[in-house]
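Fold and contact review
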Amino acid sequence: MALIVQKFGGTSVADPDRMRAVAEHVAFTKRHGNDVVVVVSAMGKTTDNLISLAAQVSNTRSGREMDMLLTTGERMSAALVCMAISDLGIDAVSFTGSQVGIITDNKHGKAKIIEVKGDRVREALAQGKVCVVAGFQGVSNENEITTLGRGASDLTASALAQALNADACEIYTDVTGVFTADPRIVPQARKLAHVNFDEMLEMAGAGSKVLALRSVEFARNHNVPLHVRSSFTWEPGTWVSSKEPGMEEPIVSGVVTDTSEAKVTVIGVPDRPGISAALFEPLADANVNVDMIVQNTSKEGTTDISFTMPKADMAVAEQIVARVAAEIGAVGVNHNASISKISLVGAGMKTSPGIAAKMFRVLADNGVNIEMISTSTIRISVVCSAADLETAARCLHTAFGLDSGQAYAAPLPERK
Ligand code: ADP
Ligand code: ASP
Ligand code: MG
């Protein structure tokens, strides 16, 4: 008998009809002789709505109370999906992250998993029950409820799959797999049958939401193959695993777009040792994930420093940057939330020179101005204006030979 972990994202459980469809699929899997552990996200936009609700009652929003609040979204889905499964005559039981023993550190909002105990899941499975686990959450060593970061129900699924030694970890979402680009932005995107962990890691790190970064890190470190597929069509999707790229793999395997970051520029910074440390140390201490950094050449002893960071961390960062700018005697601070980051990712780029030059030429020919550039061995990223996102993604997708020749045909559910 196989043990299958099935994770369903927010759009997959967005309303009662979707929940019943999910329950049918879980029941089908169980009736075919498998043990099933279901991991669910909060319904639709529940997490975003809870965050904005919190913002309406508080300016401070302590991490502990945010986690108490946000975990209710997943808990609600777990109980409802469990009821829907039970109604189909399948014995099912729901659990919170804490109940299944997902033990984390105490960093509210971005907690790291220390251990997955899983005893209650094992017991329930042994009694023939389907387990429905609330994703995205755990409990700290100090017995506090924690969340694992946005999108982290994917991480709950891969961590449970590893702890339970599952035979498969299926990540059900609202597109039919991992594509060469987000099909919502590039309709010509092509479905990939297989992506290796390193490429998926770069794609997730560059901002592709289809799998949360930490779930890919975890899956790679523990060698848990993931099958990303659709809960709307149920067709086979994309395997993410440790398979090495073959001889004939394309140099560029995907174009990644990200609109979740903002750009901050500190203007007129004195050009002397210690300034960057003074700026970035307090941001790191506040857990702000700074991404790209550019320091301009110095003119008359001063320079400008620009960096990108998640828009979600802007409120925290704004105060820190304003304070540091005043302390170091900078002229001012600029914020720009209307940016997008476009990245090319591909294992073949390691051994192929000229990809960056071609990328810049294609963008220039299409009138896209590049504001920042960063690279890794298998990724090149540029920051441009948000208004240029679609043009940039589509022209690069075409220029690097990725177009599928037909527009994405499966339904693209509206993200309520
Ligand atoms: P879920 O709620 O199921 O976790 P997410 O919103 O986190 O879903 O991820 C699915 C979305 O990821 C898709 O709707 C799609 O718009 C987006 N996406 C971004 N890049 C890709 C890609 N390369 N392949 C497929 N989907 C992508
Ligand atoms: N509900 C959480 C979020 O929106 C976690 C998840 O969906 O995986 O980030
Ligand atoms: Mg997701």
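This one's a predicted model, so the numbers in the text were calculated from it and none came from an experiment.

**Remarks on the side chain of asparagine 34**
Examined against the element boundaries, asparagine 34 turns out to sit in the loop between helix H1 (16–31) and strand E2 (35–40). A polar side-chain atom of asparagine 34 sits 2.9 Å from the main-chain carbonyl oxygen of threonine 29.

**Notes on the sheet that holds strand E20 (residues 379–385)**
Judged by pairing direction, the sheet is antiparallel, and its four strands sit side by side in the order E13-E18-E20-E19 without closing on themselves. Lying at the two open borders of the sheet, with one neighbouring strand each, are strand E13 (254–258) and strand E19 (372–376). If you compare each strand with its neighbour and ignore which way they point, the axes differ by 20° on average. By the bridge criterion, seven bridges tie strand E18 (residues 339–345) to E20 in an arrangement that is antiparallel. Directly across from serine 340, in E20, lies its bridge partner cysteine 384. Contacts from helix H6 (residues 197–205) reach E13, E18, E19 and E20, with the element oriented near 170° to E18. Sheet strands touched by helix H11 (residues 389–399): E13, E18 and E20. Its angle to E18, the strand with the most contacts, is close to 10°.

**Notes on the state of the cysteines**
Under the counting rule described, the total for this entry stands at zero disulfides. Here cysteine 82 is not disulfide-linked; the sulfur of cysteine 131 is the nearest cysteine sulfur, at 8.9 Å. Classification of cysteine 82 as buried rests on a relative accessible area of 7%.

Basis of the calculations
- Residues numbered from 1 in each chain as written.
- Chains lettered and ligands numbered in written order.
- Predicted model: local features only at pLDDT ≥ 70, side-chain atom pairs only at ≥ 80, totals over all residues.
- Heavy atoms only, no water.
- Helix = DSSP H or I, 4+ residues; strand = E, 2+ residues; numbered from the N terminus.
- Polar contact = N/O pair within 3.5 Å; in protein donor to acceptor, adjacent residues only side chain to side chain.
- Pairing = 2+ DSSP bridges.
- Axes fitted to C-alpha atoms, helices over the stretch in contact; angles between N-to-C directions.
- Contact = heavy atoms within 4.5 Å.
- Disulfide = S-S within 2.5 Å.
- Buried < 20%, exposed > 50% of the residue type's maximum accessible area, 1.4 Å probe, protein only.

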